[in-house]
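# Residue-level structural notes
The primary structure of each chain is shown beneath.
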Amino acid sequence: MTFKPEVSVIMANYNGARYLGAAIKSVQMQSLQHWELILVDDASDDESVECAESFARADKRIHIVTTNANRGPAATRNAALERASGRWTAIFDSDDIMRPLRLETLRNRAIEDGAAIVADDLLVFSDDGRMPRAFLPKRFSAKPRWIGLTQYVDSNRLYSRMPDLGYLKPFIETDLLRRTGIRYDERLHIGEDYEIMARLLASGARLRLEPTANYLYRKHPASISHRIHAAQIAALIEADERLIDSLGAIRPDVARAFTRRKNSLNAMLEYDRIVGLIKGRRYAKAAAAAAQTPYIWPLLGRPIRARLERIFGSHAQSARTPPPRREARIEAL
């Protein structure tokens, strides 16, 4: 009898051998056992493939695909999506871990609430021994809630009052992906998770937040979560413009959310320019630019802010703005 998985777990990997075994084992320990794992390796030059194949030889639900050249996370995930055969598709990173009840919990939430997309809270952890912490604030994790396009776009910008929902790993009805033909934008090498979710929500779907935290999100030095550069920021702006153009007439609240996000991305462009001036020891120009854009100061970091304060001292105090509600999270943009 042909095995029919209920969930297709999609995993893109590049040089993740150090954590890959733990990630795969967490899939094997799921209470919902009717799954397939589609792992696409993006031309790793470590022992990733050997590690994955050792699991695949013992577990026929694990499928390994390799590429000849490194193409980036979006293209790698698309290659996995094309092979998904389950009713549901779960996005899972190769350096993270799932608790045993995760797939079953998300499946049940999707069916009970009639949701085509579900995402659960994250437990953020690292290898330094500190206790994991929940990612969503209590007002978001107290009970299930619906998230539409406006809220989602608004969450993925600097100084938003919402948590950055672009971090969450979605559990998607595979038929939604087939009907819409929506895939990851391979022109993006950062922010691709936000972009595909925004297009799915723009197609009419809504995201259902599951309050339990069954996804363990690993923070480590190799995480792709640090400062992004001007070309990458420009690519994010262009991706948003393509999405807006594809929508035609949009509601005023959606338009305002996209405007706020664009302003946020433009602020990041200015941040990138100022950091370049500082690295080039063009302190006077950096000071003048920073004085005119104090809203990006939280991005600059304490050492650079202290240096700028020494450069233009009291002028910075006269130009300051009230502190944001939280520090900016660049990587989800």
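This text goes with the structure placed above it.
So, here's what we can say about the structure. Here the structure is a predicted model, which means the values were calculated and not measured.

Within the chain one finds 13 helices and 10 strands. Out of the 333 residues in the chain, the part that is buried amounts to 54%. Counting contacts in the chain only where the partners sit at least 6 residues apart, residues at least 24 apart contribute 80% of the total. Accessible surface for the chain amounts to roughly 15,800 Å². Of this, 52% is attributable to carbon and sulfur atoms.

Moving on, we come to the nonpolar core. In terms of nonpolar packing, the biggest core is built from 72 residues, with Val 7, Leu 103, Ile 117 and Tyr 152 touching the most fellow members. Element by element, the count of residues in this core is highest for helix H8 (residues 192–202), at six residues. Leu 103 has contacts with Val 7, Val 9, Gln 30, Leu 32, Trp 35, Ala 90, Met 98 and Phe 171, leaving out every residue within four places of it along the chain. Core analysis: the second largest hydrophobic core is formed by 20 residues, Leu 158, Ile 233, Met 268 and Ile 274 among them.

Here Asp 193 shows up in helix H8. By relative accessible area, Asp 193 is classed as buried at 18%.

The subject of this paragraph is the pairing of strand S10 (residues 207–218). Burial within S10 is extensive, with 11 of its 12 residues counted as buried. Judged from the nine bridges that link them, strand S6 (residues 117–125) and S10 form a sheet pairing that is parallel. Each residue of the ladder has a partner; that of Asp 120, found in S10, is Glu 210.

Next up on the list: the environment of Arg 130. Of note, Arg 130 is situated in the loop between S6 and strand S7 (133–134). Assessed through its relative accessible area of 61%, Arg 130 is described here as exposed. Within polar-contact distance, the side chain of Arg 130 engages the side chain of Asp 128 at 2.7 Å.

Between H8 and helix H9 (residues 230–247), the least distance of the axes is 11 Å, while the angle of their chain directions is 10°. What the angle tells us is that H8 and H9 run roughly parallel. Touching Tyr 194, Glu 195, Ala 198, Arg 199 and Ala 202 of H8 are Ala 239, Asp 240, Leu 243 and Leu 247, all from H9. Within the contact of H8 with H9, the residues separate by chemical class into six nonpolar, no polar and three charged.

When you line up the elements, Thr 76 lands in helix H3 (residues 73–81). Assessed through its relative accessible area of 3%, Thr 76 is described here as buried.

Within the chain, Asn 15 stands out as a residue other than glycine whose phi angle is a positive 50°. Mapping Asn 15 onto the fold places it in the loop between strand S1 (7–13) and helix H1 (17–28).

This part takes up the packing of helix H10 (residues 252–279) against helix H11 (residues 283–292). The relative placement of two packed helices is expressed as an angle between their axes plus a distance between the axes. Packing of H10 against H11 brings their axes to within 8 Å, and their N-to-C directions diverge by 155°. Judged on the interaxial angle alone, H11 and H10 are roughly antiparallel. Crossing of H10 against H11: the hand is left-handed. The segment H10 lies against H11, with Glu 270, Arg 273, Ile 274, Leu 277 and Ile 278 engaging Tyr 283, Lys 285, Ala 286, Ala 289 and Ala 290.

One can find Ser 141 in helix H5 (residues 138–141). Residue class for Ser 141 comes out partly exposed when judged on its relative accessible area of 21%. If we skip the residues at most four places from it in the chain, Ser 141 touches Asp 121, Leu 136 and Pro 211.

Once that is clear, we can look at the packing of aromatic side chains. Considering all chains together, one arrives at five aromatic pairs under this definition. Measuring from ring centre to ring centre gives 5.3 Å for Trp 88 and Phe 171, while their planes differ by 20°; the resulting arrangement is stacked. Pair noted here: Trp 88 is in strand S4 (residues 88–91) and Phe 171 is in strand S9 (residues 170–173), with a separation of 83 residues, a long-range link. Both residues of the pair, Trp 88 and Phe 171, count as buried.

Another point: H1. Taking 1.5 Å as the rise per residue, H1 with 12 residues should run 16 Å; its terminal C-alpha atoms sit 17 Å apart, in good agreement. Along H1, the residues that are buried comprise Ala 17, Tyr 19, Leu 20, Gly 21, Ala 23, Ile 24, Ser 26 and Val 27. Structurally, H1 contributes buried residues whose contacts are with S1, strand S2 (35–41), helix H2 (48–58), strand S3 (62–66), strand S5 (97–98) and S10.

Applying the stated criterion to the full structure yields 25 salt bridges. Between Arg 102 and Asp 120 there is a salt bridge, with its nearest N and O atoms 2.9 Å apart. Here Arg 102 is found in helix H4 (residues 102–113), whereas its partner Asp 120 is found in strand S6, with 18 residues between them in sequence. Just as Arg 102 is buried, Asp 120 falls in that class too. Taking the shortest distance from any N to any O, the salt bridge between Arg 260 and Asp 154 comes out at 2.7 Å. Remark: Asp 154 occurs in helix H6 (residues 149–155) and Arg 260 occurs in helix H10; sequence separation between them is 106 residues. Residue Asp 154 is classed as buried on the basis of its relative accessible area, which comes to 12%. Through salt bridges with shared partners, a single network forms among Arg 77, Asp 93, Lys 169, Glu 192 and Asp 193.

Quick notes on the rules
Residues numbered from 1 in each chain as written. Predicted model: local features only at pLDDT ≥ 70, side-chain atom pairs only at ≥ 80, totals over all residues. Heavy atoms only, no water. Helix = DSSP H or I, 4+ residues; strand = E, 2+ residues; numbered from the N terminus. Buried < 20%, exposed > 50% of the residue type's maximum accessible area, 1.4 Å probe, protein only. Contact = heavy atoms within 4.5 Å. Areas by Shrake-Rupley, 256 points an atom, 1.4 Å probe, with all protein chains shown as cover. Core = buried A, V, L, I, M, F, W, Y, C linked by side-chain atoms within 4.5 Å. Pairing = 2+ DSSP bridges. Polar contact = N/O pair within 3.5 Å; in protein donor to acceptor, adjacent residues only side chain to side chain. Axes fitted to C-alpha atoms, helices over the stretch in contact; angles between N-to-C directions. Parallel < 35°, antiparallel > 145°, perpendicular 65-115°, else oblique. Nonpolar A, V, L, I, M, F, W, Y, C, P; charged D, E, K, R; others polar. Left-handed = near helix turned anticlockwise from the far one by under 90°. Phe/Tyr/Trp six-rings, centres within 6.5 Å; stacked < 30°, edge-to-face > 60°. Expected span 1.5 Å × (residues − 1). Salt bridge = Lys/Arg side-chain N within 4 Å of Asp/Glu carboxyl O.

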